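Fold and contact review
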Amino acid sequence: MDLINAVIVLLNYTIIPALTYGSQLALGAIFVTLIYGILRFANFATGDMMSFGTMFAVLLTYYFQSIGINFGFLPTALLTIPFAIFMMIFYMLIIDQTVFKYYRIKKSPPVMLAMVSVGVMFVTQAIIRIIIGPTDRRFLDGEKFILKATEFKEMTGLAEGLTIKSTQLITIVVTIIVVAIMFWFLNKTKTGTSMRAYSDNEDLALLSGIDPKKVVLITWIIAGILATIGGILYGLDKSYRPFVYFNNMLPIFAAAIVGGIGNPYGAFFGGYVIAFAEIFLTYAYKKFLVYLLPESLEPNSLMQLLSTDYKFAISFSILVIVLIFRPSGIFEGKRI
Amino acid sequence: MRNYLNIIIAYSIMMLLIILVGIFQSWSIALTIFNYCMISAVMTLGANIQWGYAGLINFGIMGYTALGGLAVVLVSVAPVPEAWSVGGVNMMTCLGIIILIIFSTRYILKNIQKSNKRNYLIAVIIIVGLILIKIIAGPAIEQIEAVDPAKTGFLGGLGLPVLFSWIVGGLFAAGLAFIVGKVALGLRADYLAIATLLIAEIVVSIIKHEDWLARGVKNVIGLKRPAPYEIDLQTSPWFINLVEKFHSAKLDLANSLSERQDILNQLVIDASSVYVKLCFAGMFLVVVIILLIITQKALYSPWGRMMRAIRDNEEAASAMGKNVVKQHLFIFILGSAIVGIAGAMMVTNDGLFTPGSYRPMRYTFVIWVMVIVGGTGNNFGAILGGFVVWFLWVEAAPIALFFINLFTAHLPETNEIKIHLINSAPYFRFLLVGIGLLLIMRFRPQGIIPEKIIKQ
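Residues numbered from 1 in each chain as written. Chains lettered and ligands numbered in written order. Predicted model: local features only at pLDDT ≥ 70, side-chain atom pairs only at ≥ 80, totals over all residues.

Here we come to the overall build of chain B. The number of helices and strands found in chain B is 19 helices and zero strands. The principal-axis extent of the C-alpha atoms belonging to chain B is close to 90 × 60 × 50 Å. Contacts in chain B between residues far apart in sequence, at least 24 positions, make up 83% of those at least 6 positions apart. (Helix = DSSP H or I, 4+ residues; strand = E, 2+ residues; numbered from the N terminus. Contact = placed C-beta atoms within 7 Å.)

Dropping the structure here:
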């Protein structure tokens, strides 16, 4: 019995939150990695682009709520995803045409493009703040919980409760669907293959008749879908605040590089590595150990490896360690 | 002279803008902007050494700035004897352990051959060391933080003059740069950018959350100042006399003695704040000029030529027998040290240390915009960039407000869009700076004052 309780504690406080957070990071990391692999620059506007898509979801959710449209027990925000994605892609393509295209055709070094993306970051941030303001916003409606702790205790008779928030389940399910479709697209369709070819060797791809304009267009479309969905899922789970989204860029970068930048599988995996490391290293194991150890050995401290203040610092430290020992990431990515 | 004409024109325009702020807003605001421009200029000088001279991209400016600020606290604040007596020994032991870990690791790296055994040994040393530190420091930290938490709750500093901390800030930043450089300088440019950005975040999060060191997010206020305090000035007769002489015409217009006294009091209060800011401006100007002379000499020395050669063609420079790795590390440390000095100057100017305010937007990206806009590889350009972008950053809100009012003048006061726009005026600074950066990168990628290579 104690063993089951211990497992439930671990599930409730670490594994489920880590899976959720990991999914959100993974979507962002694939976005970073696609832009890096195909358009060949580190996009510092990542967090703000995700924020931009989410902003439309928030505004549309408010609008739908005001005219009485809802999605039953699911959050209304899910209904707004297609519109938000459309706006996001539209914005991304405008940015690409007006800003990035010039440098791509000139074949500027990646650093130059990264600098330009800093400019895009400033502009996007300004637009977001002017439209929606910097405040914290919640836009989750519908059922909040799928499984409540008290219900679970009654059902099983265990001492520990298991809580599953609806946003957690939605995040995981949506991520699996989106990522599965994306990998199918990249591996099985002709367009996807041409994108991978372009990413591996641009000149060879051009020689074999791949249209670079189409590749770039499709990349931005996929990037828009990933960024918007990732942003909306994060916003539903926590809350929407432009500054937080900007900061999320950092663990997302860490995830992409840890997995091997340029490699979508690596990015997907990297998101979970970062999330699990962050949560496992900052979780206080006292409750868990109380169930497992005999009474005489019970710990008196919290048994926490690091204070939760250092959550972000952990992902960055992992990144630094990976960069030192295996610079191309856990899965082989682009050579550094 | 002709070569310098565009520089002189650009600087004159900048000075004119600041003087206009002085005339239209107030001299106090103008001097505040000027001082911050100077601090930004020092930061851009540091970043320009790394990016302009050597092509190293350092997005960790925030971390070095924060370390510079930390140096001010650790040097100038008076020590807290109670905290030292309850936890000083333990903390010093921990410092000893850290040094021991570093040296034993170095020893192993030097004397044992590369093998799995060596890796395990190093891992064991580090893990044992960390556990020891956690055991020794844990209770000590709690005790230190319990000492009068509202006012102190930290070890305090050394109680030395604050100007000394500017040098220490530079040294701190140099130390961090040495570690970062050893770890990350082998990476390709955009990876280096990301790695330095994240390492800076780690540094700031440590400063934020280690309360025993510098009170963390509880901030340290009332730091020492190298300039006189306003309140002292307002009561010292020589200062009042000076103000009286300066404004005698205005004072003579007063009708009665009491009215004259009122006006004089107001003038003295205004003048005292201007005087203090002038003192700071003088000190900052000295730092900027010294740094400018040194960097300018370095740029046109054989060393500067070598750095440019390394930047433009690493392989060729390396083939000519230049030690690229060593020079990169050296210039990375040098640039970061200058940024550290700027961080210390900024905290001295503010008189308070607020770790919570260190954000990558303001302390990394804006500084980078300054470097790019001003002119990479040109020190005059870097300083100008610091001035221009900081001026825009501060004055963007008033400018935006002016234009919003202009364009929405026909709308009634209660119009929702108008109210919304007026409320979001502060965010137009992001727009202005972002568009400025994009335009410069597109149409004048070498910056306002481009790099000038003297052919000999």
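Let's shift gears to the overall build of chain A. Helix and strand counts for chain A stand at 13 helices and two strands. Over its C-alpha trace chain A gives a radius of gyration of 21 Å, about what one expects of a compact globule, namely 20 Å for 336 residues. C-alpha extents for chain A along the principal axes are approximately 70 × 55 × 35 Å. A burial count over chain A gives 45% of its 336 residues as buried. (Rg over C-alpha atoms; globule rule 2.2 N^0.38 Å. Buried ≥ 20, exposed ≤ 12 C-beta atoms within 10 Å, placed from the backbone.)

Turning our attention to unusual backbone geometry. All names here are of chain A. Although it is not a glycine, Arg40 adopts a positive phi angle of roughly 65°. Structurally, Arg40 is set in the loop between helix 1 (2-39) and helix 2 (46-67). On the neighbour-count criterion, Arg40 (18 C-beta atoms within 10 Å) is partly exposed. A positive phi angle, close to 55°, is found at Lys107, a residue other than glycine.

Here we take up the nonpolar core. Judged by nonpolar contacts, the single largest core of 221 residues is most densely connected at Ala254 and Ala255 of chain A together with Val42, Leu198, Ile338, Val369 and Leu437 of chain B. In terms of residues, this core owes the most to one element, helix 2 (residues 27-53) of chain B, which gives 16 residues. Two domains share this core, each providing at least three of its residues, namely domain 1 (2-79 + 156-443) and domain 2 (80-155) of chain B. In contact with Ile338 of chain B, other than residues within four places in its own chain, are Val42, Leu45, Gly46, Ile49, Gly170 and Leu291 of chain B. (Core = buried A, V, L, I, M, F, W, Y, C linked by C-beta atoms within 7 Å. Domains from an automatic or database assignment.)

Residues and elements named next belong to chain B. Partitioning chain B into structural domains gives domain 1 (2-79 + 156-443) and domain 2 (80-155). Counting residues at the interface gives seven residues for domain 1, matched by 11 residues for domain 2. Considered class by class, the residues forming the side of domain 1 that touches domain 2 number four nonpolar, one polar and two charged. (Nonpolar A, V, L, I, M, F, W, Y, C, P; charged D, E, K, R; others polar.)

It is common to report an interface's size as the accessible area lost on association of the parts. The interface of chain A with chain B comprises 35 residues on the first partner and 33 residues on the second. Of the residues belonging to the side of chain A that touches chain B, the class tally is 28 nonpolar, five polar and two charged.

Moving on to the confidence of the model for chain B. All names here are of chain B. Per-residue confidence for chain B gives a mean pLDDT of 86, with 98% of residues at or over 70. When the elements of chain B are averaged for pLDDT, helix 11 (residues 248-252) gives the smallest value, 76, and helix 15 (residues 324-350) the largest, 93. Here the complex is predicted with pTM 0.90, and the ipTM for its interfaces comes to 0.89. (pLDDT = per-residue confidence, 0-100.)

On the secondary structure map, Leu291 of chain B appears in helix 12 (residues 257-299). Taking the C-alpha atoms as reference, Leu291 of chain B lies 24 Å from Ile179 of chain B; in sequence the two are 112 residues apart.

Before going further, it helps to spend a moment on the confidence of the model for chain A. Scored by pLDDT, chain A comes out at a mean of 87, with 98% of its residues at no less than 70. Averaged pLDDT values over the elements of chain A bottom out at 80 in helix 12 (residues 286-292) of chain A and peak at 93 in helix 3 (residues 77-106) of chain A.

This brings us to the environment of Ala57 of chain A. Residues and elements named next belong to chain A. Mapped onto the elements, Ala57 comes out in helix 2. By the C-beta count within 10 Å, which is 29 here, Ala57 ends up buried. In sequence terms Ala57 and Gly262 are 205 residues apart; their C-alpha atoms lie 28 Å from each other. With residues near it in sequence (within four places) discarded, Ala57 still touches Ala77, Thr80, Ile81, Ala84 and Ile232.

Before going further, it helps to examine the environment of Ala83 of chain B. All names here are of chain B. The residue Ala83 is located in helix 4 (residues 81-111) in this model. The spacing of Ala83 and Leu439 is 356 residues in sequence and 53 Å in space, taken between C-alpha atoms. Not counting chain neighbours up to four residues away, the residues in contact with Ala83 comprise Ile144, Val147, Thr152, Phe154, Leu155 and Gly156.

Time to look at the packing of helix 13 (residues 311-325) of chain A against helix 7 (residues 189-209) of chain B. At their nearest, the axes of helix 13 of chain A and helix 7 of chain B sit 9 Å apart, and the two run at 140° to each other. With respect to each other, helix 13 of chain A and helix 7 of chain B are oriented oblique. Two packed elements cross with a definite hand, and for helix 13 of chain A against helix 7 of chain B that hand is left-handed. Residues Phe312, Ala313, Phe316, Ser317, Leu319, Val320 and Leu323 of chain A of helix 13 of chain A form the contact with helix 7 of chain B, whose participating residues are Ala195, Leu198, Ile199, Glu201, Ile202 and Ser205 of chain B. Its residues assigned to classes, the contact of helix 13 of chain A with helix 7 of chain B comprises 10 nonpolar, two polar and one charged. (Axes fitted to C-alpha atoms, helices over the stretch in contact; angles between N-to-C directions. Parallel < 35°, antiparallel > 145°, perpendicular 65-115°, else oblique. Left-handed = near helix turned anticlockwise from the far one by under 90°.)

Let's shift gears to the packing of helix 6 (residues 162-184) of chain B against helix 7 of chain B. Residue and element names in this part refer to chain B. Remark: helix 6 packs on helix 7, axes separated minimally by 11 Å, with the N-to-C direction vectors making an angle of 140°. Relative to helix 7, helix 6 is oriented oblique. For the element pair helix 6 and helix 7, the recorded crossing hand is right-handed. Facing Leu176, Val180 and Ala184 of helix 6, the residues of helix 7 in contact are Leu192, Ala195, Thr196, Ile199 and Val203. The residue inventory of the contact of helix 6 with helix 7, partitioned by class, reads seven nonpolar, one polar and no charged.

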